[in-house]
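Survey of secondary and tertiary structure
What follows is each chain in one-letter form.
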Amino acid sequence: MRELVYYVAVSLDGYIAGPGGEFDAFPVEGDHMAAQIERFPEAIPTVAADAMGIEQGKATFDAVVMGWNTYAVGLPAGMTSPYQHLKQVVFSRSHTKADIPGEHPNLELTHENPVDVVRRLKSEPGKSIWLCGGGHLATQLSGEIDRLVLKRSPLLFGDGIPLFAPGAYQPSAFEEVTTTAYGSGVVISEYVRRGA
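Values in this document were obtained by computation on a predicted structure and should not be read as measured data.

Within the fold, aspartate 146 resides in the loop between α5 (135-140) and β7 (147-153). Judged by relative accessible area, which is 15%, aspartate 146 ranks as buried. Of the polar contacts made by the side chain of aspartate 146, one reaches the side chain of lysine 122; its length is 2.9 Å. Those residues in contact with aspartate 146 that lie beyond four places of it in its chain are Arg2, Glu3, Leu4, Lys122, Phe174, Tyr191, Val192 and Arg193.

Encoded structure:
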């Protein structure tokens, strides 16, 4: 069965973006980047990967799920299909396809329950499914997350979008697979759900 992998950058105080969705404080240069690109080339937006000459052969992921706010970050720059190389599923309760300019065969906008959608994706053949963000969607899908890959940056945000939005108290145990500290100050830790 396919895994749902929450692969995300996070500040030391637990935020994946600023209050307005800002993420430009996260370091995009340094020795941690080569490791990320090698392991998760599909997690780079298609336009950026093309510009950098990065091959996106679906080594780890062939699908990405995200909330509307995460998706909409690229709209002002004309990125209406940020991960064209993947099946993209965007969850929104209030937006429709009319809010997305152009035609994008690999992009699905849905009002469905995220848990139902992810369980359906997991039952289909394919590679891992990337949970791109945001915090509210991560909380809704917390019971479906099989693997966490956290890129902790040496930053304090003070406010913003949390790694997980507040939810019901339901402790879930994960086991550390690996942790690597880089000269850039970024620490990448990977965890799998205990008993998975």
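If you trace the 8 strands from one edge of the open sheet to the other, you get β5-β4-β3-β6-β1-β7-β10-β9, paired in mixed fashion. Whereas interior strands pair on both sides, the edge strands pair on one side only; in this sheet they are β5 (107-110) and β9 (174-181). Pairs of neighbouring strands in the sheet enclose a mean axial angle of 20°, with direction left out of account. Inspection of the sheet shows strand β3 (residues 61-67) paired to strand β6 (residues 128-133) by 5 bridges, in the parallel sense. Bridge pairing in β6 links methionine 66 to glycine 133. Across the sheet, helix α4 (residues 114-123) touches β1 (4-11), β3, β4 (87-91) and β6, and the angle it forms with β4 is around 165°.

Note that side chains of opposite charge can pair when their charged atoms are close. Evaluated as defined, the whole model comprises 10 salt bridges. In this structure, the salt-bridge partner of aspartate 146 is lysine 122, at a minimum N-O distance of 2.9 Å. One end of the pair, aspartate 146, is in the loop between α5 and β7; the other, lysine 122, is in helix α4, with 24 residues separating them in the sequence. Across the pair, exposure class does not vary: aspartate 146 and lysine 122 are buried alike. Between arginine 147 and glutamate 190 there is a salt bridge, with its nearest N and O atoms 2.7 Å apart. Note that arginine 147 is positioned in strand β7 and glutamate 190 in strand β10 (residues 187-193), a separation of 43 residues in sequence. Judged by relative accessible area, glutamate 190 falls into the buried class, the value being 5%. By sharing partners, the salt bridges in this structure join Glu3, Arg39, Arg147 and Glu190 into a single network.

Moving on: the packing of aromatic side chains. All told, the structure shown has 8 aromatic pairs when counted by the stated rule. Here the aromatic rings of tyrosine 7 and tryptophan 130 are separated by 6.2 Å at their centres, their planes lie at 55°, and the arrangement is tilted. Of this pair, tyrosine 7 sits in strand β1 while tryptophan 130 is found in strand β6, placing the two residues 123 residues apart along the sequence. Aromatic pair phenylalanine 40 and phenylalanine 61: ring centres 5.4 Å apart, planes at 15°, arrangement stacked. With phenylalanine 40 in the loop between α1 (31-39) and α2 (46-52) and phenylalanine 61 in strand β3, this pair connects stretches of sequence that are 21 residues apart. Phenylalanine 40 gets classed as buried once you look at its relative accessible area, which sits at 5%. Relative accessible area serves as the criterion here: at 0%, phenylalanine 61 is assigned to the buried category. Residue placement shows lysine 151 over the ring face of tyrosine 7; its charged tip is 4.4 Å from the ring centre.

With that settled, the discussion passes to the environment of glycine 14. With respect to the helices and strands, glycine 14 occurs in the loop between β1 and β2 (15-17). Measuring from C-alpha to C-alpha, the distance between glycine 14 and phenylalanine 164 comes to 8.4 Å, with 150 residues separating the pair along the chain. Apart from residues lying up to four places away in sequence, glycine 14 is in contact with Ile161, Pro162 and Leu163.

Definitions and limits used
- Residues numbered from 1 in each chain as written.
- Predicted model: local features only at pLDDT ≥ 70, side-chain atom pairs only at ≥ 80, totals over all residues.
- Heavy atoms only, no water.
- Helix = DSSP H or I, 4+ residues; strand = E, 2+ residues; numbered from the N terminus.
- Buried < 20%, exposed > 50% of the residue type's maximum accessible area, 1.4 Å probe, protein only.
- Polar contact = N/O pair within 3.5 Å; in protein donor to acceptor, adjacent residues only side chain to side chain.
- Contact = heavy atoms within 4.5 Å.
- Pairing = 2+ DSSP bridges.
- Axes fitted to C-alpha atoms, helices over the stretch in contact; angles between N-to-C directions.
- Salt bridge = Lys/Arg side-chain N within 4 Å of Asp/Glu carboxyl O.
- Phe/Tyr/Trp six-rings, centres within 6.5 Å; stacked < 30°, edge-to-face > 60°.
- Lys NZ or Arg CZ within 6 Å of the ring centre and 35° of its normal.

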